[in-house]
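# Remarks on the overall topology
Single-letter residue listing:
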Amino acid sequence: SKDQWEIDPEELILGQEIGSGQFGLVLEGKWMDRKVAVKMVREDCMSNEEFKEEAMVMMRLSHCKLVQLYGVCTQRSPMCLVFEYMEGGCLSDYLREKKGHLPQDLMLGMCLDVSEGMAYLESSNFIHRDLAARNCLVAKNNEVKVSDFGMTRYVLDDQYTSSQGSKFPVKWSAPEVIKYSKFSSKSDVWSFGVLMWEIYNEGRLPYENRSNAEVVESLNAGMRLLKPRLAPDQVHMLMEWCWKEKPEDRPSFALLLHELAAFADL
Ligand code: ADP
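Residues numbered from 1 in each chain as written. Predicted model: local features only at pLDDT ≥ 70, side-chain atom pairs only at ≥ 80, totals over all residues. Heavy atoms only, no water.

### Digging into the sheet that holds strand β4 (residues 69-73)
Sheet strands associate in pairs through backbone hydrogen bonding, adopting either a parallel or an antiparallel arrangement. We count it as follows: The rule for pairing is simple: two strands pair if DSSP sees at least two bridges between them. Elements are defined by DSSP. Helices are runs of H or I of four residues or more, strands are runs of E of two residues or more, and each kind is numbered from the N terminus. In this analysis an axis means a line fitted to C-alpha atoms, helices contributing only their contacting stretch, and an angle means the value between N-to-C directions, from 0 to 180 degrees.
On the basis of which strands lie adjacent, the open sheet formed by five strands has the order β1-β2-β3-β5-β4 and antiparallel pairing. With one partner strand each, in any of the chains shown, β1 (12-21) and β4 form the two edges of the open sheet. Each strand axis lies, on average, 25° off the axis of its neighbour in the sheet, ignoring direction.

Structure follows, in structure tokens:
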């Protein structure tokens, strides 16, 4: 029922601004004695009615490697989404700050964390659609969790949602997504390969000096991102596996998790 995910505005204390995103401001806050992150959703940025339906599904997704959605406060305007608070902020900023001081086991651990969260989404038949370091968050203990899953479907900005749009994440997208908007867990796997590349390049942007059109052209010609200097061969092999042209030739997240865990145990 509705009240399972509705947060009483009386119980939600809003604090200072911690960031701003696709849907508007993000504030820190307190709910039921818990520190939370509150996303204020600007009406013109999100298809609210559709989202309210989906929020139910998203709240049932619960895993230690996913940033938990606690609930939605629809009685307040703007509507707000209440999430688990992540002390370390977003992964891409975190990597850039720690550049030069990221030990191998930490980088591998980050890949493992994300693969665990994604293996759970895969087994729940839920497609992320925008997996990238900027959409992962870091907890107190350096633990990484996957955030913003499925949210791109509610963005009202064409520049972001159309594969031809200027804000579309082409550099993280599988060829079949760019060509036919065919999203699947295997297109998430492609993005995960790029995310591992970001981790081992300490937060550098992929294809830094190239336009989206140039990237599409070089992918079509069979070219791929280069092996990061810090990446072990085994990890680079996994990246290349994620970037197979045909979705069916790519590994599942279950398999990636297994491979990364085996490597971490060596
Ligand atoms: P969107 O994905 O909607 O564009 P983000 O999720 O990137 O917006 O949020 C913007 C910023 O707010 C992030 O870069 C991060 O610094 C902060 N933020 C978002 N969610 C949380 C959270 N759960 N805990 C702590 N900080 C967060």
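Once you've had a look at it, read on.
### Some details on the packing of aromatic side chains
The following threshold applies: Within 6.5 Å between ring centres, the rings of Phe, Tyr and Trp (the latter by its six-membered ring) count as paired, and their orientation is classed by plane angle as stacked under 30 degrees, edge-to-face over 60, tilted in between. Exposure categories follow from relative accessible area, calculated using a 1.4 Å probe and restricted to protein chains: below 20% of the type maximum is buried, above 50% is exposed, and the middle band is partly exposed. Our definition puts a charge over a ring when NZ of Lys or CZ of Arg is within 6 Å of the ring centre and also within 35 degrees of the ring normal.
All chains considered together, the criterion is met by three aromatic pairs. Taking the centre distance of 5.7 Å and the plane angle of 35° together, the rings of W31 and Y70 count as tilted. Of this pair, W31 sits in strand β2 (residues 24-31) while Y70 sits in strand β4; the two residues are 39 residues apart in sequence, bridging distant segments of the chain. Relative accessible area serves as the criterion here: at 10%, W31 is assigned to the buried category. Both rings, one in F192 and one in F253, keep their centres 5.6 Å apart while their planes meet at 75°; by these two values the pair is edge-to-face. Here F192 is found in helix α6 (residues 185-200), whereas its partner F253 is found in helix α9 (residues 253-265), with 61 residues between them in sequence. Looking at F253, the relative accessible area reads 0%, which means it is buried. The ring of Y70 carries the charged tip of R34 above its face, separated from the ring centre by 4.6 Å. The ring of F183 carries the charged tip of R129 above its face, separated from the ring centre by 4.8 Å.

### Brief notes about the site of the ligand
Put simply, the rule reads: If even one non-hydrogen atom of a residue comes within 4 Å of a molecule or strand, that residue is called near it. Each polar contact in these results corresponds to two N or O atoms within 3.5 Å; when the atoms are within protein, one needs to be able to donate a hydrogen and the other to accept it, and residues that are neighboring in sequence are counted only if both atoms are side-chain atoms. Put simply, Ala, Val, Leu, Ile, Met, Phe, Trp, Tyr, Cys and Pro go in the nonpolar bin, Asp, Glu, Lys and Arg in the charged bin, and everything else, Gly too, in the polar bin.
Around the ligand, a shell composed of 17 residues is seen, among which Q22, K39, E84, M86 and D148 lie nearest. Q22 is positioned with one of its backbone polar atoms (N or O) 2.5 Å from an oxygen atom of the ligand. Between the ligand and the protein, one listed contact pairs an oxygen atom with a side-chain N or O atom of K39 at 2.8 Å. Looking at the shell around the ligand, the elements with two or more residues in it are β1 and β3 (34-41). For the shell around the ligand, the element with the highest residue contribution is β1, accounting for four residues. Counted by class, the shell around the ligand contains nine nonpolar, five polar and three charged residues.

### Here we look at the side chain of E28
What counts, and what does not: Here, residues are in contact when the closest pair of their heavy atoms is within 4.5 Å.
Its location among the elements puts E28 in strand β2. With residues near it in sequence (within four places) discarded, E28 still touches I13, L14, G15, Q16, I18, K35, V36 and Y85.

The quantities given are spatial measurements derived from coordinates; they are silent on function.
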